[in-house]
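Results of the structural survey
The primary structure of each chain is shown beneath.
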Amino acid sequence: MGLAQFVEMPYTFPMITLKFGGTSMGSARRILDSADIMVSRAKDSRISVVVSAVAGVSNKLQAAIDSCVAGGQPAEFVEEIRGTHQSICSEIKGSLPEFRLETVKETIDKRLAKLESLLSALVTLGECSASAHCRIMGMGEQMSSPIVEEVLRSKGQSVVLLDSRKFIYTTGDQKEGDPDYIRSADAFSAYRDNAGGAARILLFPGFICTWNGGTDCKDQPGLLGRNGSDFSAAIIGSCLGASKVEFWTDVEGIYTADPRIVRDAVLVKDMSYEEAMELSFFGSRVLHPKTLAPLAAKNIEAWSLDSFNPKARGTRIGRGPFESERKAGPVRGISCLKDCAMISVSGPGMKGKKGMAGRIFAATGSAGISVLLITQSSSEYTISFCVRKSDAARIQDVLKAEFSLEIATKLLDKISVHDNCAIVSIVGDAMKKKRGVAGTFFDALASKDINILAIAQGSSERSISAVIDSADGVTAVRVAHKFFFDTTQSIQVFAFGCGTIGGTLLDQIADQQAALREQGIDIQVLAIAKAQKMLFNSEGLNLHSWREDIASKAEQTDLEDILDYVRSARPLNPVFVDCTASYNLPERYLEIFKAGMSVATPNKRANSMDMDYYGKLRETANAMHVRFLYETNVGAGLPIIDTLQNLFKSGDRLTGFNGIMSGSLSYIFGRLDEGVSFSKAVLEAKDKKFTEPDPRDDLKGTDVARKALIIAREAGMSLELSDIQMNSIFPEGFDIEGTTEEFIARLPELDAYFADKIADLNREGKVLRMGASIKDGKVSVGMLAVGPDDPLYAVKGGENAFVFHTTRYNPIPLTIRGYGAGAGVTAAGVFGDILRTVSWNVSSF
């Protein structure tokens, strides 16, 4: 009331208003520290100070009301509140000897006696009137403010404690009043323009006011509602003509997103009134629009500051433009308003019918329900709007009654309610100057498979909002922040298998974590599973003690627990790493993809299963916007898969392939060149741990066949493992059955066979190798006789070599050669795959 006239009233005397919230009043230490800030500000300017109740007291007062209305007794609540304040006062006395403990205690005891009387009346009546509610809920500020007054007096300050109810007047809702700015300004005149005595500090309890409900309810106790103490400070600052209002909380200012949700949220130095109002309206922890309204009207800057770190600059909210905006992107903040419902009115009777929107919102307004967002289809078939979830059932009934005839005659469909919605908004004054902002926002949501129910944008182009399922709210904020701000990109690793390769990988991640963080990549391992044991920590495991921890602290391994966690917590970039040799785990990759996880694995099982499953893996990964990464399936650390995919995507075609794809077989057949017997070469490879514990697993060529199959499939061939021609290296009649020891004992029987082969090839100037070939759509595995001109001729000693003949690489083939075995290079290859996920689908602003 009277805000327009109030704006025209000029106040020029320099004053600063400070508001301290519940956390700043949360303990004796916090109150003393807050008082030091007040004293510091009072050195340069006369100040007005608004204080909230001690942290937790307002909640206790509400609990007391609820209990006493239900028949509970007030004594327990009163004594608990008394104990809280007495403990604070006693601790302050210990730090500040001048503090008059008994004087403050007497004041608080009077308030508590009144509180007990009011609560007792609720027990008798069984209900709480609006007037009683306001009297009780305002007690917290009336008990904290005398403590602050005495602390300031003990510090030698000139301070006067004023009753806010004699200065702030409201109309409208008694519990959430609308200020009567003209009457309030008149009441403050005695303390404005250096009047009102010599007091340097004017101290006010926040939240409380005097409410004028009309002739029969004149000047009753009232409250300023949600964020009431902030609103008190804004009213007091604007009425006293403050040059700025400082809001002291427990954070250093306003961030680009809630730092409790986005760990790398960025502090915003400056923000316009309009940006702050938009963010606050849609759920951000920013000053409420009603708080900013009187400050914006009088061009008074609002500052969000940290009472825990008074030297921090904080965030300024003002008229702008600001110097800091030049380097800022178009989006200044991202917010999420949960617990919403979307109401839809639709039907053929909507199109071209005048007054339908007016009836919808007139009915909504008459029911006293606030509309959060409105959107309409271009066909005029549907109007949708969002309200608080708590209002959904009521507005549905109101609209059913309003349009009962239209619904009965099928002109309108039934009123639709979509519960459990969230409104995610991006806000920034500069958004209208930057193309592609909306597209980037929607791309971000799509990248996490978040379905958009409705979209709304204001005509100012200052904000864009998307209505989504409430369960997706946190994920939406995180991914939108990732797309719009140049901040750390995160990876959450769930590592299954921590043997030779998996353990080496974990050690490599531990060694690189700090360096990667400096490059903007935050990689955390949330789970480590080994056989039947698993470690899990949603904040990240300690990778420097994982071996000890998995031996002593691990729980039963359960993949389902991991999937449930990912489905519910929706981490931003979860990567499932399968470093096992399991045949069963790859069969669950589809479930893992559907939970929203990428997969990085050296396990060849999934890619060598039947073609139907091979196709489903890729279809599902693409549908879920996740990655399937398996570079190490074929060449360990060598860049085989990525190279092939890029070749084929660019239009090249495979015409032939030869390769040595086993480090153990490369070593064994290379030693034959040097005159070493076959049996000795195998034993050497086994001793060096180049082979599996049973060398037959290598010598049979099954692993080579799987690798060759994967290469063939990457080239577009539809083949099964059974289609590969397996040419055994063993002569016909040789017994390869029995135990490992029995097989090794029979190996010398093969020495003459291989010696003869080597001698024959030597006469031709060739060497013997073991590998795979692809020619004319067919794949074969077995021994290869190669001459000096063949790229495989010199490959031995554990090296791998891949020789690709393509349409473009002809007649000279593309050859990739290097060590393809060993825990270090394989783990590094998996690590590289994991790191590929950080740049997936991200746009830069």
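Heads up: these notes are all about the structure in this document. (Residues numbered from 1 in each chain as written. Predicted model: local features only at pLDDT ≥ 70, side-chain atom pairs only at ≥ 80, totals over all residues. Heavy atoms only, no water.)

1. Some remarks on the overall build of the protein chain
Helix and strand counts for the protein chain come out as 30 helices and 33 strands. The principal-axis extents of the C-alpha atoms in the protein chain amount to approximately 115 × 75 × 55 Å. Across the 845 residues in the protein chain, those meeting the buried criterion constitute 53%. Taking contacts inside the protein chain between residues at least 6 apart in sequence as the whole, the part at least 24 apart equals 73%. Accessible area of the protein chain: about 36000 Å², with a carbon and sulfur share of 49%. Positive and negative charge centroids in the protein chain, built from 95 and 104 side chains respectively, lie 5 Å apart. (Helix = DSSP H or I, 4+ residues; strand = E, 2+ residues; numbered from the N terminus. Buried < 20%, exposed > 50% of the residue type's maximum accessible area, 1.4 Å probe, protein only. Contact = heavy atoms within 4.5 Å. Areas by Shrake-Rupley, 256 points an atom, 1.4 Å probe, with all protein chains shown as cover. Lys, Arg positive; Asp, Glu negative; His and termini not counted. Charge placed at Lys NZ, Arg CZ, Asp CG, Glu CD.)

2. A few points about the sheet that holds strand 8 (residues 220–223)
In spatial order, the strands read 5-4-7-8; together these four strands make up an open sheet with mixed pairing. Of all strands in the sheet, those with a lone pairing partner are strand 5 (177–179) and strand 8, marking the two edges. Between one strand and the next, the sheet's axes are offset by a mean angle of 55°, whatever the strand orientation. Two elements, strand 4 (residues 169–172) and strand 5, share three bridges in a ladder whose sense is antiparallel. If you follow Gly-172 over to strand 5, its bridge partner there is Gly-177. (Pairing = 2+ DSSP bridges. Axes fitted to C-alpha atoms, helices over the stretch in contact; angles between N-to-C directions.)

3. A word on the nonpolar core
Within the largest apolar cluster, 79 residues are counted, with the highest numbers of intra-cluster contacts made by Phe-678 and Phe-804. No other element matches helix 27 (residues 702–714), which puts seven residues into this core. When neighbours within four sequence positions are excluded, Phe-804 is seen to be in contact with Ile-640, Leu-644, Leu-654, Gly-656, Phe-657, Ile-711, Tyr-809, Pro-813, Leu-814 and Ile-816. Of all hydrophobic cores here, the second largest spans 56 residues; its members include Ile-65, Cys-89, Leu-96 and Phe-99. (Core = buried A, V, L, I, M, F, W, Y, C linked by side-chain atoms within 4.5 Å.)

4. Digging into helix 24 (residues 663–673)
Burial of helix 24 is extensive: nine of the eleven residues sit out of reach of the surface. Of all the residues in helix 24, the buried ones are Gly-663, Ser-664, Leu-665, Ser-666, Tyr-667, Ile-668, Phe-669, Gly-670 and Leu-672. Following helix 24 by one or two positions, Gly-675 has its phi on the positive side, about 90°.

5. Remarks on the environment of Ser-48
Among the secondary structure elements, Ser-48 is positioned in strand 2 (residues 46–51). Sequence-distant contacts of Ser-48, defined by excluding residues within four places in its chain, comprise Met-15, Ile-16, Thr-17, Leu-18, Leu-202, Phe-204, Ile-236 and Leu-240. Polar side-chain contacts of Ser-48 include one of 2.7 Å to the side chain of Thr-17. (Polar contact = N/O pair within 3.5 Å; in protein donor to acceptor, adjacent residues only side chain to side chain.)

6. Some words on the packing of aromatic side chains
A complete count under the given rule lists 22 aromatic pairs for this structure. Taking 5.1 Å as the distance between ring centres and 35° as the angle between the ring planes, the aromatic pair formed by Phe-167 and Phe-188 counts as tilted. Here the residue Phe-167 occupies a position in the loop between strand 3 (159–161) and strand 4, and Phe-188 occupies one in helix 8 (residues 181–188), the gap between them amounting to 21 residues. As far as burial versus exposure is concerned, Phe-167 and Phe-188 are alike and both buried. Among the aromatic residues, ring-to-ring pairing joins Phe-167, Phe-188, Tyr-191 and Phe-204 into one connected group. In this structure, Arg-30 packs its charged tip against the face of Phe-308, placed 3.7 Å from the ring centre. The ring centre of Tyr-169 lies 3.8 Å from the NZ or CZ of Arg-183, which sits over that ring. (Phe/Tyr/Trp six-rings, centres within 6.5 Å; stacked < 30°, edge-to-face > 60°. Lys NZ or Arg CZ within 6 Å of the ring centre and 35° of its normal.)

7. Thoughts on the sheet that holds strand 15 (residues 333–346)
The sheet built from six strands is open, its strands ordered 16-17-15-18-20-19 with antiparallel pairing. Taken across any chain shown, the strands that pair with only one partner, and hence form the sheet edges, are strand 16 (373–376) and strand 19 (454–457). Sheet twist, expressed as the average angle between the axes of neighbouring strands with direction ignored, equals 30°. Sheet topology places strand 15 next to strand 18 (residues 416–427); nine bridges connect them, and they run antiparallel. Bridge pairing in strand 18 links Cys-336 to Val-424. In this fold helix 10 (residues 273–281) packs onto strand 15, strand 18 and strand 20 (463–469), with an angle of close to 60° to the strand it touches most, strand 15.

8. Overview of the pairing of strand 13 (residues 301–306)
Among the six residues that make up strand 13, five are buried, leaving the element largely enclosed by the rest of the structure. Strand direction decides the pairing type here: strand 9 (residues 244–249) and strand 13, joined by six bridges, are parallel. Bridging across to strand 13, Thr-249 finds its partner in Asp-306. Direction of pairing for strand 13 relative to strand 14 (residues 315–318): antiparallel, over a ladder of three bridges. Within the sheet, the bridge partner assigned to Ala-302 lies in strand 14 and is Ile-317.

9. Remarks on the environment of Arg-769
Looking at the secondary structure, you find Arg-769 in strand 30 (residues 767–775). In contact with Arg-769, other than residues within four places in its own chain, are Ile-660, Phe-669, Gly-670, Asp-673, Gly-782, Met-783, Leu-784, Val-786, Leu-792, Tyr-793, Val-795 and Lys-796. One polar contact links Arg-769 to Asp-673, side chain to side chain, over a distance of 2.7 Å. Among the polar contacts listed, one links the side chain of Arg-769 to the backbone oxygen of Val-795, at a separation of 3.0 Å.

10. A closer look at helix 7 (residues 139–154)
Here helix 7 contains 16 residues, and its C-alpha end-to-end distance of 24 Å stays within 8% of the 22 Å for a straight helix at 1.5 Å per residue. With its phi angle positive at about 80°, Gly-156 sits one or two positions after the end of helix 7. (Expected span 1.5 Å × (residues − 1).)

11. Comments concerning the pairing of strand 6 (residues 201–205)
Counted residue by residue, strand 6 has five buried out of five residues, so it is predominantly covered. By the alternation rule, side chains of strand 6 split into Ile-201, Leu-203 and Pro-205 and Leu-202 and Phe-204, which are all buried. Across five bridges, the pairing between strand 2 and strand 6 is parallel. Within the sheet, the bridge partner assigned to Val-51 lies in strand 6 and is Pro-205. For strand 3 and strand 6, the ladder comprises three bridges, and the chain directions are parallel. If you follow Leu-161 over to strand 6, its bridge partner there is Leu-203.

12. Thoughts on the side chain of Asp-698
Structurally, Asp-698 can be placed in helix 26 (residues 696–699). No salt bridge is formed by the buried Asp-698, whose closest oppositely charged neighbour, Lys-707, lies at an N-O distance of 8.1 Å. Here Ser-664 takes part through its side chain, which lies 2.9 Å from a polar atom of the side chain of Asp-698. Setting aside residues up to four positions removed in sequence, Asp-698 forms contacts with Ser-664, Leu-665, Phe-690, Thr-691 and Glu-692. (Salt bridge = Lys/Arg side-chain N within 4 Å of Asp/Glu carboxyl O.)

13. With respect to the packing of helix 23 (residues 641–649) against helix 27
Each pair of packed helices gets described by two things: the angle between the helix axes and the distance between those axes. Look at helix 23 against helix 27: their axes get within 10 Å of each other, and the N-to-C directions meet at 20°. With respect to helix 27, the axis of helix 23 lies roughly parallel. By crossing handedness, the relation of helix 23 to helix 27 is classed as right-handed. Listed contacts from helix 27 to Ile-641, Leu-644, Gln-645 and Phe-648 of helix 23 are Ile-710, Ile-711 and Glu-714. Tallied by class, the residues present in the contact of helix 23 with helix 27 amount to five nonpolar, one polar and one charged. (Parallel < 35°, antiparallel > 145°, perpendicular 65-115°, else oblique. Left-handed = near helix turned anticlockwise from the far one by under 90°. Nonpolar A, V, L, I, M, F, W, Y, C, P; charged D, E, K, R; others polar.)

By themselves, these observations are geometric and do not establish any function.
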